[in-house]
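Given next are the chains, with one letter for each unit.
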Amino acid sequence: MSDTKLYPVPAEFAQNSLLNDSAYQAMYKHSINDPEAFWREQGQIVDWIKPYSQVKNTSFQPGSIDIKWFQDGKLNVSANCLDRHLKDNANKTAIIWEGDNPADSEKLTYQDVYEKVCQFSNALKAQGIKKGDVVCLYMPMIPEAAIAMLACTRIGAVHTIVFAGFSAGALAERINNCGAKLVITADEGVRAGRIIRLKDCVDKALAKPQVTSVNNVIVFARTKADIAWHEGRDLWWHDVVKDQPSECEPEAMNAEDPLFILYTSGSTGKPKGVLHTTGGYLVYATMTFKYVFDHQDSDVFWCTADVGWITGHSYLVYGPLANAATTVLFEGVPNYPDTARMSQVIDKHQVTTLYTAPTAIRALMAKGDDAIAGTKRTSLRLMGSVGEPINPEAWRWYYNTIGNSSTPIVDTWWQTETGGILITPLPGATALKPGSATRPFFGISPALVDNEGNLLEGENEGNLVILDSWPGQMRGIYGDESRFEEAYFSTFPNMYCTGDGAKRDADGYYWITGRVDDVLNVSGHRMGTAEIESALVSHSKIAEAAVVGVPHDIKGQGIYAYVTLNAGEKADDALEAEVKQWVRNEIGAIATPDTLHWTQALPKTRSGKIMRRILRKIATNDTDSLGDTSTLADPSVVDTLIAEKQNA
Ligand code: ATP
Ligand code: MG
């Protein structure tokens, strides 16, 4: 917590924002003191086909974990995202699509999306898809991904989106796990100028003998490339929607009917099939979107996450559309065709709110001012970060460079399991501290506990737990009831265990220190990986760093740091000494890395998170069983690191 400079709410921002600090305080208190009354009122943020009389039926008690919200209400997600906006916003832009190629973009109004969703819903029904059936999406970032999601929700089908960069094996495993009846894909995807043969991959997955649940594959013609065709199984999107009416009665879903299954990133092990249900999830996504991003009618909101991640579900599609916002859906990557692409897109579409990840920010930061060359970014009024702890250095670069030193940043902490944001600044209410996710959202009661589960008070550090349920909470692990309780409620009874560590400072602000499994214990001192990595990255020559603990005869654990340098920098003995001294000065002698491993790239999940469990194994030469590496973005990085370690 070296950086204590406060960034107060800018006066201009405060004037127009939805909530100021005293409003936040009052609402927060109410939400904790009387959750039943608070959520009874807030549940009205969405439209109900049948109003709920029950609000909160939840228990974290061992042996009887039960989470139900708005249990007797009925609603439809697509009707909330589309139909209810047609009266006032039919001609408002719902989706701005920006293609991988900067020459390609397209705008769809709420009316357009409504009609396309209805047509596709009818098409799904015509293929025999019914309420409760599971539909797998393996889609590039095109409007049809959102349209397919919404169509599933309209007819009560449960979607499961698999990131369209996963291998056929990973796809097959997920299809099998959830018993999907239908797969929706495209002929090919386009990303950073490269072609991804999506349909080939689906064919390969479905050819595996263990995959028997899929009857049909609907293929959207994205590039119109030649693809193999399985007569009787494969159908073109344009054929199945051709004669379908652009009206489709939305199914009245029970609040606790399943909405989607989504597999976690697999940073800590085998991915979990997280199940979310309809009412609570939608209320929570809608409300967090509104307040965390201080939604204004004229906003253009850009979340750079892929639809295959929870962030893409809650803040690219459901949260924005339920609020009648304009959401940008980007096919490409932040640095293609050149380093300034993200900034160019902001200017092109006059983006007001940008929501991205530290991994993208650090990659751009390594290129310095090239990331903003030729752009103004004056339309921005708010920026967000999600996915990993954002180190203060990257925070400040994001703030000063992308945000022109005038745009507040919401550092939002949450998980696939939580459905929506749990700890975050509210931009009109919260003074910011770089690197801190700050305070809980409404209805969230975070706490810190020691390893025995004792509550820690005041300024402290420990395991981050949540003491009571909130509407967006996951309801189970699909097909594995017992793993749910074991994974989240058994370590500390009567609490939801997040698996993350955190510090709480004197102002009650939370600082996420990383995953509990990654915490180091050096000579009896517990240290989060985030803190040491943050010190490393604040060195002007370092682009990224990942720290793991290795057994050490004297200290118990030693510090092994993987470091990548900024473009044009060279590693040598002098730099090694300098960097070690740097960390000493920043944190203290105790945090000095024992080993610096210079490398070109770190192993990351497809969602951009560093996989420290693999780095731990490489550092200890324990590379025979690396565990589940199926969600790695680039497996060759691992081979390079192993070779570097052996040659060191
Ligand atoms: P798995 O659970 O399969 O190991 P995962 O935890 O990476 O995968 P996600 O649900 O995508 O899957 O990620 C949630 C995790 O990301 C959080 O538990 C936390 O460790 C990290 N995280 C997300 N946002 C933030 C943030 N703003 N600050 C710090 N950490 C964050
Ligand atoms: Mg996790």
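In this text the structure is predicted, and so the values were computed from the model without any measurement. (Residues numbered from 1 in each chain as written. Chains lettered and ligands numbered in written order. Predicted model: local features only at pLDDT ≥ 70, side-chain atom pairs only at ≥ 80, totals over all residues. Heavy atoms only, no water.)

Caption draft 1: Structural context of the site of ligand 1. Lining the immediate surroundings of ligand 1 are 20 residues, of which Thr264, Gly266, Ser267, Thr268 and Thr416 lie closest. Within the side chain of Gln415, a nitrogen or oxygen atom sits 2.9 Å from an oxygen atom of ligand 1. One of the side-chain N or O atoms of Arg515 is found 3.0 Å from an oxygen atom in ligand 1. Here the shell around ligand 1 is composed, by residue class, of 4 nonpolar, 9 polar and 7 charged. (Near = heavy atom within 4 Å. Polar contact = N/O pair within 3.5 Å; in protein donor to acceptor, adjacent residues only side chain to side chain. Nonpolar A, V, L, I, M, F, W, Y, C, P; charged D, E, K, R; others polar.)

Caption draft 2: Fine view of the UniProt feature "domain: AMP-binding enzyme C-terminal" (unreviewed entry) in the chain. In this structure's numbering, the residues bearing the UniProt feature "domain: AMP-binding enzyme C-terminal" (unreviewed entry) are residues 531-609. In the segment residues 531-609, helix accounts for 27% and strand for 32%; the C-alpha atoms at its two ends are 16 Å apart. (UniProt positions renumbered as here; feature names shortened; annotations may be inferred. Helix = DSSP H or I, 4+ residues; strand = E, 2+ residues; numbered from the N terminus.)

Caption draft 3: Spotlight on helix H13 (residues 341-349). Among all positions in H13, only Arg341, Met342, Ser343, Val345, Ile346 and His349 are buried. Where H13 terminates, the next one or two residues include Gln350, which has phi positive at roughly 50°. (Buried < 20%, exposed > 50% of the residue type's maximum accessible area, 1.4 Å probe, protein only.)

Caption draft 4: Focus on the UniProt feature "binding site: ATP" (unreviewed entry) in the chain. Summarizing the sequence annotation, UniProt attributes the feature "binding site: ATP" (unreviewed entry) to Gly387, Glu388, Pro389, Asp411, Thr412, Trp413, Trp414, Gln415, Thr416, Asp500, Arg515 and Arg526 in the numbering used throughout. The named residues occupy 140 residues along the chain; their greatest pairwise C-alpha distance, 26.8 Å, places them well apart from one another. Residue placement: Trp414 occurs in the loop between strand E20 (409-411) and strand E21 (446-449). Beyond its immediate sequence surroundings of up to four residues, Trp414 is in contact with Ile310, Thr311, Ser314, Tyr315, Tyr355, Val386, Gly419, Gly420, Ile421 and Leu422. Side-chain polar atoms of Trp414 contact the side chain of Tyr355, separated by 3.2 Å. Note that Gln415 resides in the loop between E20 and E21. Every residue in contact with Gln415, bar those within four places of it in the chain, is listed here: Ile310, Tyr496, Thr498 and Asp500. (Contact = heavy atoms within 4.5 Å.)

Caption draft 5: Geometry of the sheet that holds strand E12 (residues 234-236). Pairing is mixed across the open sheet formed by 8 strands, whose spatial order is E12-E11-E8-E6-E7-E14-E15-E24. Two strands lie at the open edges of the sheet, namely E12 and strand E24 (476-477), each paired on one side alone. Bridge count for strand E8 (residues 182-186) against strand E11 (residues 216-220) is 5 bridges, and the pairing is parallel. Its bridge partner being in E11, Ala186 is matched across the sheet by Phe220. On the sheet, helix H12 (residues 310-322) packs against strand E7 (158-161), strand E14 (258-263) and strand E15 (273-277) and is oriented at approximately 135° with respect to E14. (Pairing = 2+ DSSP bridges. Axes fitted to C-alpha atoms, helices over the stretch in contact; angles between N-to-C directions.)

Caption draft 6: Fine view of the nonpolar core. Core analysis: the biggest nonpolar cluster contains 147 residues, and Phe120, Leu124, Ile184, Trp237, Phe293 and Phe442 have the highest contact counts within it. With residues near it in sequence (within four places) discarded, Phe442 still touches Leu19, Tyr24, Met27, Tyr28, Ser31, Phe38, Trp39, Tyr284, Met287, Tyr291 and Leu426. Grouped together as the second largest cluster of nonpolar side chains are 45 residues, Ile96, Val328, Leu354 and Tyr398 included. (Core = buried A, V, L, I, M, F, W, Y, C linked by side-chain atoms within 4.5 Å.)

Caption draft 7: Quick peek at empty space enclosed by the protein. For the coordinates displayed, the defined rule picks out 5 cavities of 30 Å³ or more. Taken together, Tyr7, Pro8, Val9, Pro10, Tyr399, Ser406, Thr407, Pro408, Pro427, Thr430 and Leu432 form the lining of the largest cavity. In this structure, the second largest cavity encloses a volume near 50 Å³. Along its surface, the second largest cavity is lined by Ile161, Val162, Phe163, Phe166, Arg174, Leu262, Tyr263, Thr264, Gly308 and Trp309. Of the residues belonging to the lining of the second largest cavity, the class tally is 7 nonpolar, 2 polar and 1 charged. (1 Å grid on protein atoms, 1.4 Å probe; cavity = no way out; pocket = protein on both sides within 12 Å on 5 of 7 lines; lining within 4 Å. Points joined across faces, edges and corners; volume = space filled by probe spheres on them.)

Caption draft 8: Broad picture of the domain arrangement of the chain. Partitioning the chain into structural domains gives domain 1 (11-332 + 408-503) and domain 2 (523-647). One C-alpha centre belongs to domain 1, the other to domain 2; they are set 33 Å apart. Taken together, the contact pairs 15 residues of domain 1 with 12 residues of domain 2. Here domain 1 packs against domain 2, burying approximately 1100 Å² in sum over the two surfaces, 46% of which is carbon and sulfur. In this structure, the connection of domain 1 to domain 2 is made through 5 residue pairs in polar contact (both at pLDDT 80 or more). Its residues assigned to classes, the side of domain 1 that touches domain 2 comprises 4 nonpolar, 7 polar and 4 charged. (Domains from an automatic or database assignment. Buried area = accessible area lost by both parts, 1.4 Å probe.)

Caption draft 9: Region of interest: the pattern of salt bridges. Scanning the model with the defined rule gives 36 salt bridges in all. With its nearest N and O atoms 2.7 Å apart, the salt bridge here joins Arg154 to Asp83. With Arg154 in helix H7 (residues 143-155) and Asp83 in the loop between helix H4 (77-81) and helix H5 (86-89), the pair connects residues that are 71 residues apart, well separated along the chain. The exposure class of Arg154 is buried, given its relative accessible area of 1%. Salt bridges sharing partners connect three or more residues here, namely Lys199, Asp203, Arg233 and Asp234. (Salt bridge = Lys/Arg side-chain N within 4 Å of Asp/Glu carboxyl O.)

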